[in-house]
Structure formats: C-alpha cells, structure tokens
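Residue-level listing of the chains:
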Amino acid sequence: MSLVKWTLKELQDRFTRGDVSATEIVRAYFLRISVVESKVKAYITVNEKESLLSAARTLDETMGTWRKTMPMMAMPIAIKDNICTEGLPTTCGSRMLRGFIPPYDATAVEALRAHQCFFIGKTNLDEFGMGSSTEHSAFGPSRNPWKLTCVPGGSSGGSAAAVAADECVAALGTDTGGSIRQPAACCGVVGLKPTYGRVSRYGLIAFASSLDQIGPITKDVMDAALMLNVIAGHDPRDSTSANGPVPDFTRGLKKKDVKKLKIGVPAEFFGEGVDQEVHDAVCHAIAVLEELGGTVQEVSLPHTGVAVATYYLVATAEASSNLARYDGVKYGFRAKESHDLLEMYRATRQEGFGPEVKRRIMLGTYALSSGYYDAYYAKAQAVRTLIRQDFERAFEDVDVLVTPVTPTTAFQLGEKIEDPLQMYLSDLFTLSASLAGLPAISLPCGFSREGLPIGVQLMGRPFEEEVILRAARAYELATTWRQKRPRIR
Ligand code: GLN
C-alpha cells in the first residue's frame with residue numbers, strides 16, 4: 001500500500017521505527033498531489049517542494065533520539081487558508097488578502113511547527129469561512145474526491161478534500177457553524193470541533209469571534225485525538241482560551257465498548273428535511289452504539305428550529321464588525337485610482353469582497369444598527385442562551401447526543417449557489433453546538449446509493465472531548481466505513 005494511504009498514527013509509527021524517512025514521505029505526497037490535485041483543487045497554495053525536501057533531508061540526517069518524543073515530526077499537514085502561517089500566503093479565500101504573507105504563526109500552527117511537521121499547503125475555503133461548499137472562494141471551488149461534480153462541503157472543504165484524497169495526512173480546519181463537521185461528513189473523513197476555548201484562536205483570521213474554533217480533520221478518530229493533543233491548551237494571546245487542564249485525548253481510545261454511556265437522541269434532528277438515506281444510516285449508527293453497551297434515550301432540544309435564524313444574526317453581526325478592518329489602508333488589497341479616502345474605502349471593499357461576504361456584512365450591519373439592535377441582535381443573543389440551556393438540560397440525563405451532520409449528502413456544484421437560504425440550511429444540524437460552544441465530532445457512518453459519504457455527529461458537554469472521542473472511536477472500530485476510499489476520476 002502506498003504510504004499516502006496511511007493514517008497519521010500509522011505513518012507516525014513507521015517513521016518513528018525508521019521504516020520510512022522524512023524524504024520518502026515528502027516525495028510520496030508531492031507525487032500524489034501531482035496526480036490528483038488538478039482534479040480535486042483542494043489547495044490554494046502548495047508549499048515549495050524543494051524547500052520541504054531540503055527540510056526533510058536535514059531531518060533525516062540529524063535524526064537522533066528525539067524521534068520518539070515528537071509525535072507530529074515529518075507529518076505532512078495541510079492548513080486551512082484562514083489560519084496564519086509565517087512565510088506562507090494566507091488568503092482567507094478572498095481577493096482582499098491575496099498575496100498576504102503573515103509575519104507570524106497562529107498558536108495552533110506554532111504548536112505543530114514545534115513538532116517539526118511539514119506544512120504541505122494551504123487549503124481552499126469559502127471566503128472568510130462564509131459558506132458550505134467552497135464555491136464562495138475567490139479562487140474557485142474544490143471538488144469532492146468521491147464525485148468530482150459534487151461540492152466537498154465547506155467552508156473547510158479544501159482541508160476535508162485534501163485528507164480524503166490523500167493529499168495530506170491530516171489537516172486543520174475551522175468551524176464557526178459547522179465548517180469542520182459538514183465538509184468532513186461530505187468527504188467521508190473525521191472532523192472535530194473542540195469546545196469553544198479549547199484551542200487558541202490567535203492567528204485565526206476572525207469571522208465570528210464568539211463561535212470560531214480551530215480543529216482537526218483526519219482519516220480516523222485516533223488521528224483527531226492525536227492532533228488535538230498538539231493544538232489544545234491555554235494561550236495568553238487569546239483571552240477566550242480556556243485555562244483548564246488538557247488531558248491526553250488518546251487515552252481511553254483503546255476501549256472497544258461504550259458501557260455505561262448514556263446516549264441521547266434529539267427528536268428535532270430527525271424530522272422533515274432529512275434525506276431517508278441519511279436518516280437510516282444515522283439510526284443504524286445509534287443501534288451500533290447501543291450494541292456496544294450504550295443506553296439510548298430520546299431527548300428534546302426544543303429551540304433547534306430557531307438555530308439557523310439565531311446563528312445568521314449573531315455570526316453576521318460579528319462578521320460585519322470583524323471585517324471592518326479591511327479598508328485598504330493597513331494591509332491587503334487596495335483599489336487603484338481613488339481620488340479621496342472615502343472613495344478608496346468604498347472601491348476597495350467593493351472590489352475586494354465577494355457577494356456572500358457583502359451579503360453578510362449588510363445583514364450584520366443591519367442587525368447591529370440602532371433601532372434594530374434590540375429586535376434582532378439582542379433577541380438573537382437571548383435565544384442563544386435558550387439553545388445553550390436546552391443542551392444543559394439534555395446533558396443532565398445523557399453523556400452524548402447523536403444526530404446527523406447534514407440533512408443530505410454532498411450536493412452538486414452550482415446547485416445552491418444562487419439560493420443563499422438553501423445553502424444556509426446545510427448547517428441545520430451543526431449550528432446548535434456552535435452556538436452553545438460544545439465539542440462535536442463528525443465521522444463516517446455509511447454511503448448513499450450514489451456512493452457519497454454520510455456522517456454522524458456526536459456532541460458532548462463542554463470540555464468533554466474525551467467522551468465523544470471514546471464513543472466515536474468505539475463506533476469506528478466496530479464498523480468498516482473508514483476503510484472505503486474514494487477513486488478519483
Ligand atoms: N456554513 C456556515 C456559514 O456559512 C458555517 C461556516 C463556518 O463554520 N465557518 O456561516
């Protein structure tokens with residue numbers, strides 16, 4: 001088997017044993033990229049082969065006792081292009097930041113770099129993370145490796161496609177309302193959104209600061225835990241990062257059962273709008289968890305129906321404020337030939353932002369404007385509290401909640417691009433956990449008749465990533481979905 005098929009854990013083990021060299025790893029991945037990237041288009045920037053090869057050679061030559069102490073060493077990792085990487089362009093999928101080369105690393109990137117992994121490239125995304133298909137990227141959409149005429153999901157569609165297509169061993173994505181979980185489900189890989197505050201947001205270019213969170217997109221659950229181990233933790237540079245203990249997330253993953261685990265099934269996530277195939281696959285996953293020793297009970301999250309409206313008020317309000325900084329003065333794109341300052345601002349934002357970003361800035365500005373603030377933004381904040389309280393109540397009785405990730409499998413390119421509301425509904429099942437700040441994981445649980453992956457979502461209590469990881473791992477070991485790989489053609 002070609003080494004690009006291995007999971008992070010498998011590759012790491014073989015590298016640690018000396019079965020493969022860093023140079024071989026880098027070569028194999030560049031070969032893979034040269035074969036499939038023109039079809040998948042997962043990357044906005046692929047790093048320079050020669051510079052990674054020379055770093056790999058240095059690693060191989062100096063390899064000593066530290067082989068065992070650096071779990072990410074020599075691993076080819078892809079980074080979503082809204083996370084700052086020193087010396088590598090970071091565009092946010094926007095004309096506004098085309099050519100921007102950050103002078104610093106995001107904290108999560110710094111942590112990976114300290115392990116001497118290889119940043120193989122920066123992955124495509126919907127502009128500033130706004131979208132569910134990568135079609136809102138200024139650099140064109142990525143494709144779903146399972147079916148090239150379908151979207152890979154979004155906004156971290158490039159990261160999910162890169163992992164599914166073996167163009168990296170694992171990737172970082174970001175999730176504001178589902179952008180790790182939804183593309184992971186569409187591409188048949190694992191995506192983990194950590195608890196809000198678990199991973200530093202320093203160096204993540206802001207979309208909606210009270211929701212944004214960095215997390216891993218990987219080939220299996222074990223890899224997600226391994227990566228979370230590296231990126232989690234307190235960071236004084238992010239005032240919202242949590243100052244609690246960080247466990248070893250791989251601990252407990254060996255257990256093959258979920259005895260004593262109380263599983264909640266929220267009825268609101270299984271109603272109208274869910275494809276039959278998705279519905280059946282997720283119900284089957286719940287039955288498997290029950291066979292593994294879990295006890296299943298129905299719970300209710302009564303405010304689920306207003307999550308979409310709430311999210312699109314809170315997220316757009318925050319986005320309108322965060323994106324005010326792109327004025328053509330400090331960095332990034334500046335429109336040419338303006339006669340005065342105001343005209344320069346206007347032209348820069350007119351030419352620099354795409355239509356979805358403009359739509360959100362307008363919505364958010366409206367929701368925050370005096371006269372409408374109380375009716376929209378303040379109301380949305382109040383409903384957000386109700387959504388969080390729904391979860392608090394449910395988690396008094398159960399340990400995890402199991403739901404679909406998306407109402408349908410990956411849709412066709414172009415299918416929803418003209419209809420923002422339809423696009424927003426792709427996030428129906430992922431938004432609630434974001435609004436409540438909870439950890440949630442998406443993992444494969446089946447395929448449609450068409451051969452497209454289906455995902456199941458497990459949500460947990462704040463800072464209980466260990467619980468959802470353990471349940472997800474037990475499920476993964478009891479099933480064979482992850483062994484199925486896309487044939488790219
Ligand atoms: N698809 C959702 C949106 O368009 C979520 C995006 C995200 O999580 N970054 O806002």
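Our subject in this report is the structure included herewith. Here the structure is a predicted model, which is why all the values come from computation and not from measurement.

Notes on the sheet that holds strand S9 (residues 400-404)
Through backbone hydrogen bonds, the strands of a sheet pair up, either in parallel or in antiparallel fashion.
Here comes step 1: The eleven strands are arranged S1-S3-S2-S4-S6-S5-S10-S11-S9-S7-S8 in an open sheet whose pairing can be described as mixed. Since the sheet does not close on itself, it has two edges, and those belong to strand S1 (43-46) and strand S8 (295-299), each with one partner. Between one strand axis and the next, the sheet turns by 30° as a mean value, whatever way the strands run.
Here comes step 2: Summarising the sheet, strand S2 (residues 76-80) and strand S3 (residues 118-123) pair through five bridges and their orientation is parallel. From the neighbouring strand, Ala78 faces S3, where its bridge partner is Gly121.
Here comes step 3: Along the sheet, helix H2 (residues 22-40) contacts S1, S2 and S3; its crossing angle with S3, the most-contacted strand, is approximately 20°.

Observations concerning empty space enclosed by the protein
Here comes step 1: Under the counting rule described, the total for this entry stands at six cavities of 30 Å³ or more.
Here comes step 2: Approximately 100 Å³ is the volume found for the largest cavity.
Here comes step 3: For the largest cavity, the lining is made up of 16 residues, of which Gly131, Ser179, Tyr311, Tyr312 and Asp427 are closest to its centre.
Here comes step 4: When residues of the lining of the largest cavity are traced back to their parent elements, those giving at least two are helix H9 (307-322) and helix H13 (420-425).
Here comes step 5: Partitioned by chemical class, the residues of the lining of the largest cavity number six nonpolar, eight polar and two charged.

Let's talk about the pattern of salt bridges
Where side chains of opposite charge bring their charged atoms close, a pairing between them can arise.
Here comes step 1: Scanning the model with the defined rule gives 25 salt bridges in all.
Here comes step 2: Note that Glu356 and Arg360 form a salt bridge whose closest N and O atoms lie 2.7 Å from each other. You can see Glu356 and its partner Arg360 sitting in helix H11 (residues 355-368), four residues apart, about one turn around the helix.
Here comes step 3: By relative accessible area, which is 3% here, Glu356 ends up buried.
Here comes step 4: Counted as one network, the salt bridges with shared partners bring together Lys5, Asp166, Lys219 and Arg485.

What to know about the site of the ligand
Here comes step 1: Close to the ligand lie 15 residues, the nearest being Thr176, Gly177, Ser179, Tyr311 and Arg360.
Here comes step 2: Between the ligand and the protein, one listed contact pairs a nitrogen atom with a side-chain N or O atom of Asp427 at 3.0 Å.
Here comes step 3: Protein chains shield 100% of the accessible area of the ligand, which is 290 Å² for the free molecule.
Here comes step 4: Taking a 2 Å distance to the grid points as the criterion, the majority of the atoms of the ligand fall inside the largest cavity.
Here comes step 5: The class makeup of the residues in the shell around the ligand is four nonpolar, eight polar and three charged.

A look at the nonpolar core
Here comes step 1: Counting residues in each nonpolar core, the largest one holds 148 residues, and the members touching the most others are Ile77, Leu112, Phe128 and Ile441.
Here comes step 2: One finds Trp146, Cys150, Ala410 and Leu452 within the second-largest nonpolar core, a separate group that totals six residues.

With respect to the pairing of strand S6 (residues 213-218)
Here comes step 1: Burial analysis of S6 places six of its six residues in the buried class, which makes it a mostly covered element.
Here comes step 2: With five bridges joining them, strand S4 (residues 170-175) and S6 adopt antiparallel strand pairing. Within S6, the residue paired with Asp175 across the bridge is Gln213.
Here comes step 3: Examined bridge by bridge, strand S5 (residues 190-193) and S6 share two bridges and lie antiparallel to one another. Bridge pairing in S6 places Val190 opposite Thr218.

Quick notes on the rules
Positions within a chain are numbered from 1, following the residues in the order the chain's sequence is written. With the structure being a predicted model, the display of local features is reserved for residues of pLDDT at least 70 and the display and counting of side-chain atom pairs for 80 or more, all residues being used for whole-chain, interface and lining totals. Where side-chain values are given, they derive from all heavy atoms of the structure, hydrogens and water being excluded. The pairing criterion is simple: DSSP has to find at least two bridges between the two strands. Only DSSP runs of H or I reaching four residues or more are called helices, and only runs of E reaching two or more are called strands; each is numbered from the N terminus. Axis lines are fitted through C-alpha atoms, for helices just across the contact stretch, and the angle between N-to-C directions can take any value from 0 to 180 degrees. We call two residues in contact whenever any of their non-hydrogen atoms come within 4.5 Å of each other. Only protein atoms enter the 1 Å grid, on which a cavity is a set of points fitting a 1.4 Å probe that cannot get out and a pocket is an open set with protein on both sides within 12 Å along at least 5 of 7 lines, lining residues being those with an atom within 4 Å of a point. Grid points are joined across faces, edges and corners, and a volume is the space filled by probe spheres set on the points. Three classes are used, and their members are as follows: Ala, Val, Leu, Ile, Met, Phe, Trp, Tyr, Cys and Pro are nonpolar, Asp, Glu, Lys and Arg are charged, and the others, Gly among them, are polar. We count a salt bridge whenever a side-chain nitrogen from Lys or Arg sits within 4 Å of a carboxyl oxygen from Asp or Glu. Buried, partly exposed and exposed residues are distinguished by accessible area as a fraction of the type maximum, computed with a 1.4 Å probe on protein chains only: under 20%, between the cut-offs, and over 50%, respectively. We call a residue near a given molecule or strand whenever any one of its heavy atoms falls within 4 Å of it. Counting of polar contacts relies on pairs of N or O atoms within 3.5 Å, with two restrictions inside protein: one atom must be capable of donating a hydrogen and the other of accepting it, and residues adjacent in sequence are counted only when both atoms are side-chain atoms. For accessible areas, the Shrake-Rupley method is used with a probe of radius 1.4 Å. Any residue's cover is judged against the shown protein chains and nothing else. Whether a molecule sits in a cavity or pocket is decided by its atoms, more than half of which must lie within 2 Å of the grid points. Residue types Ala, Val, Leu, Ile, Met, Phe, Trp, Tyr and Cys, when buried and joined through side-chain atoms within 4.5 Å, form a set referred to as a nonpolar core.

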